[in-house]
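Structural characterization, general
Below, each chain spelled out in residue letters.
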Amino acid sequence: MHRPGKILLNICSRRFLKGFQQILGAKLSMVSSGISSSSAPFSYVPVNKASTTLPEATIKRDKYSHRTHNCGQLTVANVGEKVELCGWMEFQRMNKFITLRDNCGSTQLIVPDERTDLTKTIEGISYETVIRVIGTVNPRPNSQVNKNMATGEIEILVEHLEILNPSKTQLPFPIRQFIKAKESLRMQYRYLDLRFPEMQRNLRIRSKVLMRMREFLINKCNFVDIETPTLFRRTPGGAQEFIVPTRNPGKFYSLVQSPQQFKQLLMVGGIDRYFQIARCYRDEAGRMDRQPEFTQLDIEMSFVDRESIMMLTEDLLVESWLEELGDISTPFEQMRYDDAMELYGTDKPDARLPYKLQNVTDIVKTSIALTTKTGIEYNDNFGAYAVVFPKESKNFSNSTKAQFDDISKREFPQAKLLQVKITESSWKSGLTTLLSKDVVDSIENRLNLHNGDMLFLSVGQKPDVQEVLGKLLILYTNILESKGVTLRAPGFKWLWIVDFPLFSKEDNENGIRTTHHPFTQPHPEDLHLLATDPLKVRGLHYDLVSNGWEIGGGSIRIHNSLLQKQVLEILGIDTCQMSHLLEALDSGAPPHGGIALGLDRYIAMLCNVTSIRDVIAFPKSMEGRDAMSGAPIQISDEDKKLYHIRTPAD
């Protein structure tokens, strides 16, 4: 009697021998016909392997697909070669000329006049139909060379054409460079939008950069790529998290807003050097540079200080930098948080800008009229700042003034904004109603104002004053550059922003919140202030900024459980919620720190696009919706019962 194991072994052995005989026969057949089998990445196969509509032939085809080249690869060096191409019919005219497109580019096909059979086939083809062709590479006549195409010096004389899959006649929008649909429609039909060359380029740049980052961290720096859970418990003191119901009544997961706690626990576990390309989730309002789900390069190291993390990050960017973007030099400049706010009104300054904020607080404080007419108090938090655009008042319109007034009143209510076109005589009258003539004259001298300048002046509570002018500095620069005025310097300007405050006031003024997150190490020079004046404590937190984009942020972490508990208590966070972390820190946690690079923002900056949606394959809309599927959607009554959910409609 045979045992089951022997029966299985005999069956597998017979199948293996049969398969081996087939392979051996194929090898002998190829050798007898003079074709080498070691032609990777290409293999010699019959061109009609995928379809009987094309004749028997032998051409050098890509090993893994039914084509010899991509549509953007052929040049005059390939003239005379027989090739096979696959792609989408982008355009055709006269049933004779076809533009074939794939992920690499476009190639022109030409059908011989005598091939009426092909002409009839082309007559019924809609744009974006998927086709496969075989033909010969010919040089274009000199008068027909298209220098705007990578393949513009050649064309393919078509011998055979096969329709692989016809497209419907009326697509939601054409895939043509000069006809771009609105973004909402492109998001709804993202699979069509992905065919545009810009999207193909952006996603390939993303892939290339991420691969270089992985290779650097693993091969050169001995990092370990570790995946951490997405389902976790709520992290107190951070951004709003997405809640995930479970089958246990009243029990919920949260989607992690970052792997922060896990990477610290990995350091406690002795991993020493960790990274991952992590998916993160935050239930926040959408912006051009924000998505509810996003990707970051997460890094953590043991036995490091702030400068070590900065140096590693700079080396990482240099190693993964794309040559076509120009030079990147290190070390990057460092700027204190207070200086960034003083000069640019933001903690992510665009150092390419030629103009900065100018402090005129000392001058304005001499004006008695301002306090009597506006009620603004000259307290320790008062500030008066100005931004001047020399000779640019001519581009300032009434609609721009209304836009800026609305931004100031809606977003920065504790700052009063004055927008003044500097003219030879009448410009001072608008200011002297709030400020004395002597104060206005002093401002004119301090700012060196001249006829034709554009002045933005703001007074009030210093944080709002700085931030409103910082925003207008960017917005008016954008307006001027849209009109052809070049202001920003070329290239990339990198900055490390350091010495952030560890805590900030809550919006309701009744409490404090963490500026970064609750696990940031206080600056050692400020530890004595932690219990008595926490708002004056700096943190070992650092942000990486380039061209006005916040590319990444990190910090040295608290590795002492007692200090961590003290910080949590200052923030009003129940330490019981963090008992797992406190116990870990009390179990021999090494000094450690790290950084997270926002890959969506970083790639968007490299690709020179304004929205991170242009570097994400399937992004959410500004409202956090998936326009293709309509998600989020309602769930069934069965699912509600399973997860113990009741909605207002119930």
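Residues numbered from 1 in each chain as written. Predicted model: local features only at pLDDT ≥ 70, side-chain atom pairs only at ≥ 80, totals over all residues. Heavy atoms only, no water.

1. Quick word on the sheet that holds strand S14 (residues 333-336)
Backbone-to-backbone hydrogen bonds join strands into a sheet, with any given pair of strands oriented parallel or antiparallel. To be explicit about the condition: DSSP calls a pair of strands paired once it identifies at least 2 bridges connecting them. Under the DSSP-based scheme used, a helix requires at least four consecutive residues in state H or I and a strand at least two consecutive residues in state E, with every element numbered from the N terminus. Throughout, a residue-residue contact means that at least one pair of heavy atoms, one from each residue, lies within 4.5 Å. Geometry is summarised by axes, namely lines fitted to C-alpha atoms with helices restricted to the contacting stretch, and by angles between N-to-C directions that run from 0 to 180 degrees.
Pairing is mixed across the open sheet formed by eight strands, whose spatial order is S8-S12-S13-S24-S23-S22-S19-S14. Each having just a single partner strand, strand S8 (224-225) and S14 make up the two edges of the open sheet. In this sheet, strand S19 (residues 494-498) lies alongside S14 in parallel orientation, the contact comprising four bridges. Residue Glu333 lies in a different strand from S19, and its bridge partner there is Leu495. Relative to strand S23 (residues 549-556), helix H17 (residues 599-606) is tilted by about 140°, and along the sheet it contacts strand S12 (273-281), strand S13 (293-302), S19, strand S22 (541-546), S23 and strand S24 (592-598).

2. Structural notes on the packing of helix H5 (residues 197-220) against H17
Packed helices, taken two at a time, are described by the angle their axes make and the gap between the axes. Note the cut-off: Orientation is classified from the angle alone, with under 35 degrees giving roughly parallel, over 145 giving roughly antiparallel, 65 to 115 giving roughly perpendicular, and any other angle giving oblique. Take the far helix as the reference: if the near one is turned anticlockwise from it by less than a right angle, the crossing is left-handed, and if turned clockwise, right-handed. Under the scheme applied here, ten amino acids are nonpolar (Ala, Val, Leu, Ile, Met, Phe, Trp, Tyr, Cys and Pro), four are charged (Asp, Glu, Lys and Arg), and all others, including Gly, are polar.
For the pair H5 and H17, the least separation of the axes is 10 Å and the interaxial angle reads 120°. Classified by the angle their axes make, H5 and H17 are oblique. Of the two possible hands of crossing, H5 and H17 adopt the one that is right-handed. When H5 is examined against H17, the residues Asn202, Arg206, Val209, Leu210 and Met213 are found in contact with a partner set consisting of Leu599, Asp600, Tyr602, Ile603 and Leu606. Residue composition of the contact of H5 with H17, by class: seven nonpolar, one polar and two charged.

3. Some words on the pattern of salt bridges
Operational definition: Salt bridge criterion: a side-chain nitrogen from Lys or Arg within 4 Å of a carboxyl oxygen from Asp or Glu. Relative accessible area decides the class of each residue, using a 1.4 Å probe on protein chains only: under 20% of the type maximum gives buried, over 50% gives exposed, and in between gives partly exposed.
Overall, the coordinates contain 45 salt bridges when judged by the stated rule. A salt bridge links Arg190 to Asp193; the shortest N-O distance between them is 2.8 Å. You can see Arg190 and its partner Asp193 sitting in helix H4 (residues 190-193), three residues apart, about one turn around the helix. The burial state of Arg190 is the same as that of Asp193; both residues are buried. One salt bridge connects Asp338 with Arg336, and the closest N-O pair in it is separated by 3.4 Å. Accessibility expressed as a relative area gives 44% for Asp338, which makes it partly exposed. Judged by its relative accessible area of 37%, Arg336 falls in the partly exposed class. Here the salt bridges do not stand alone but share partners, grouping Arg306, Glu307, Asp499, Glu525, Asp526 and Arg538 into one network.

4. Overview of the pairing of strand S16 (residues 382-389)
Taking burial as the measure, the eight residues of S16 include eight buried ones, the bulk of the element. Neither face of S16 is exposed, since Phe382, Ala384, Ala386 and Val388 on one face and Gly383, Tyr385, Val387 and Phe389 on the opposite face are all buried. Of the pairings in the sheet, the one linking strand S15 (residues 358-359) to S16 comprises two bridges and is antiparallel in character. Across the sheet, Gln358 pairs through a bridge with Ala386, a residue of S16.

5. What about unusual backbone geometry?
Cis peptide bonds are those with omega within 30 degrees of zero, and the linkage from Thr330 to Pro331 qualifies with 0°. Here Pro331 lies in the loop between helix H7 (306-320) and S14. The phi angle at Asn547 is positive, at roughly 55°, despite the residue not being glycine. Counting through the fold element by element, Asn547 comes out in the loop between S22 and S23.

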